[in-house]
Amino acid sequence: MRRGQLQTLEPVIIVIVLTVLLLAGGAYFLRASQDDESRRAASVSARDDLALLERLSSLPELACSGPASANRMCVDLAKAEAFAGIIAGDETLRVAYFPILGATNLTLRVLDIDEGSSRAMALYDASRNGTRTRATRTYVTVLDPATGDVRFGMLEIRRSIG
Amino acid sequence: MTRGQAEMIGVVAVAVLLIVGVLVYARVGGDTGGIVRSAVQEQEAESFLIALLPADVPRCGTTVEGVARACLERDTICDSADPCAELQRILDVAASSTLRRHGLRYNLSVEGTSAMALDDCESAERATLLLVRSRQEIIGSAGMPLGKGLSLAVCR
């Protein structure tokens, strides 16, 4: 190629290179915005799940009664066992709780500090089948009304995200 | 102005525009998700300590806070067993059944005692990211704060 031809093609090459750079930049920006948006949505959803967990421990169906009710994050073990049993066996009731609890899986795990073991109790399960789930947790005191023992427990909400 | 100078100014202008674009993006697209995430983790750590302290330890006839208090005040509980050894066992059990199970690294300890459950959080040898740190004061047998607390740091 002669020097004259190269000089003629120079503006065209510059335009092509700039266009490629702009397209690459645009694609990167779009992708980054989408990633950021989905991260933000997941975080906001986690905050909502946390608020739901706090509401859950104050539901009359689960919350401690009597002097222990002064503790905001206290779950009554007998109530929780009854709630889990009723919900599991009654589809209509599960549908009735759907507006409050949504498409989630709720579990109460109670730790036995003496034995070092823990017991998980499925409180409610209306989760959708998905390959990826996100869990949000809060810790609660669990009152066993039969013995009066207060145990260390954890409420976990699991939601399908894809 | 020669053609070479004009092209140089053009290149500089494009570079300035790109830098301004990146700065604007970084500022507008700030990580609000991160703020929310850290609020969620903070709540999780705080609720861990609040729920653990009043939990009963039936074999000692007291609560976790009672065991911590006995350790701090050199008291005797748990059938004359060393309350600090019992406290160590409780911290290990509580942390390993929850935090470790969820893949988190942690430092759970009672200030002023040797009782601590460690899982490489804030380790100098490993690059860990401190997510949150929380603390709950331990109340003494006289009903006054002991100035020592149950402390939890959670890392990733």
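Just so it is clear, the model here is predicted, and its values are computed rather than measured. (Residues numbered from 1 in each chain as written. Chains lettered and ligands numbered in written order. Predicted model: local features only at pLDDT ≥ 70, side-chain atom pairs only at ≥ 80, totals over all residues. Heavy atoms only, no water.)

1. Things to note about the state of the cysteines
Residue and element names in this part refer to chain A. Test applied: By disulfide we mean two sulfur atoms from cysteines, separated by a distance within 2.5 Å. A run of H or I in DSSP counts as a helix once it spans at least four residues, and a run of E counts as a strand once it spans at least two, with each numbered from the N terminus. Whether a residue is buried, partly exposed or exposed follows from its accessible area with a 1.4 Å probe, protein chains only, as a fraction of its type maximum: under 20%, in between, or over 50%, in that order.
For the coordinates displayed, the defined rule picks out two disulfides over all chains. At a sulfur-sulfur separation of 1.9 Å, the disulfide partner of Cys64 is Cys74. In this structure, the disulfide formed by Cys64 and Cys74 twists by about -70° around the S-S bond and is classed as left-handed. Of this pair, Cys64 sits in the loop between helix H1 (3-56) and strand E1 (74-76) while Cys74 is found in strand E1, placing the two residues 10 residues apart along the sequence. Both residues of the pair, Cys64 and Cys74, count as buried.

2. Some thoughts on the sheet that holds strand E3 (residues 105-110) of chain B
Residue and element names in this part refer to chain B. Short version of the rule: The pairing criterion for strands is at least two bridges between them, as found by DSSP. Every axis corresponds to a line fitted to the C-alpha atoms, with the helix fit spanning only the stretch in contact, and the corresponding angles, defined between N-to-C directions, vary from 0 to 180 degrees.
The four strands lie next to each other as E4-E3-E6-E5, forming an open sheet whose pairing is antiparallel. In the strand order of this sheet, the two ends are held by strand E4 (116-118) and strand E5 (130-139), each with one partner. Averaged over all pairs of adjacent strands, the angle between their axes in this sheet comes to 10°, without regard to strand direction. Across three bridges, E3 lies against E4 in antiparallel orientation. Counted as the bridge partner of Leu108 is Ala117 from E4.

3. Section: the pairing of E5 of chain B
Bridge count between E5 of chain B and strand E6 (residues 145-155) of chain B: eight bridges; the pairing is antiparallel. Its bridge partner lying in E6 of chain B, Ile139 of chain B is registered against Pro145 of chain B.

4. As for the packing of helix H3 (residues 64-72) of chain B against helix H4 (residues 83-97) of chain B
Residue and element names in this part refer to chain B. What counts is decided by this rule: Angle categories: roughly parallel below 35 degrees, roughly antiparallel above 145, roughly perpendicular from 65 to 115, and oblique for all the rest. Crossing handedness is read from the near helix: turned anticlockwise from the far helix by less than a right angle, it gives a left-handed crossing, and turned clockwise, a right-handed one. Whether two residues are in contact is decided by their heavy atoms: any pair within 4.5 Å suffices. Residue classes follow a fixed rule: Ala, Val, Leu, Ile, Met, Phe, Trp, Tyr, Cys and Pro count as nonpolar, while Asp, Glu, Lys and Arg count as charged, and any other residue, Gly among them, counts as polar.
At a minimum axis distance of 8 Å, the contact between H3 and H4 shows a crossing angle of 140°. Viewed along their axes, H3 and H4 adopt a mutual orientation that is oblique. In this structure, the crossing between H3 and H4 has a hand that is left-handed. Mapping the contact onto sequence places Val64, Val67, Ala68, Ala70 and Cys71 in H3 and Pro83, Cys84, Glu86, Leu87 and Ile90 in H4. Residue composition of the contact of H3 with H4, by class: nine nonpolar, no polar and one charged.

5. A word on H3 of chain B
Residue and element names in this part refer to chain B. Summarising burial for H3: eight of the nine residues are buried, a large majority. Among the residues of H3, those classed as buried are Val64, Glu65, Gly66, Val67, Ala68, Ala70, Cys71 and Leu72. With its phi angle positive at about 55°, Arg74 sits one or two positions after the end of H3.

6. Comments concerning the confidence of the model for chain B
All names here are of chain B. In plain terms, the rule: The predictor attaches a confidence to each residue, called pLDDT, with possible values from 0 through 100.
In the predicted model, chain B carries a mean pLDDT of 81, and the fraction of residues at 70 or more is 86%. Looking at the elements of chain B, mean pLDDT is at its lowest for helix H1 (residues 3-28), recorded as 75, and at its highest for strand E1 (residues 56-57), recorded as 91. In the predicted assembly, ipTM is 0.73 and pTM is 0.73.

7. Re the pairing of E6 of chain B
Residue and element names in this part refer to chain B. Where E3 lies against E6, six bridges are found, and the strand directions are antiparallel. Counted as the bridge partner of Leu108 is Leu152 from E6. Taking the residues between adjacent antiparallel strands as the criterion, E5 and E6 are bridged by five residues, where Gly143 takes a positive phi near 85°.

8. Description of the environment of Gly26 of chain A
Residues and elements named next belong to chain A. Along the chain, Gly26 turns up in helix H1. Gly26 gets classed as partly exposed once you look at its relative accessible area, which sits at 37%. Sequence separation of Gly26 and Leu101 is 75 residues, and the distance between their C-alpha atoms is 40 Å.

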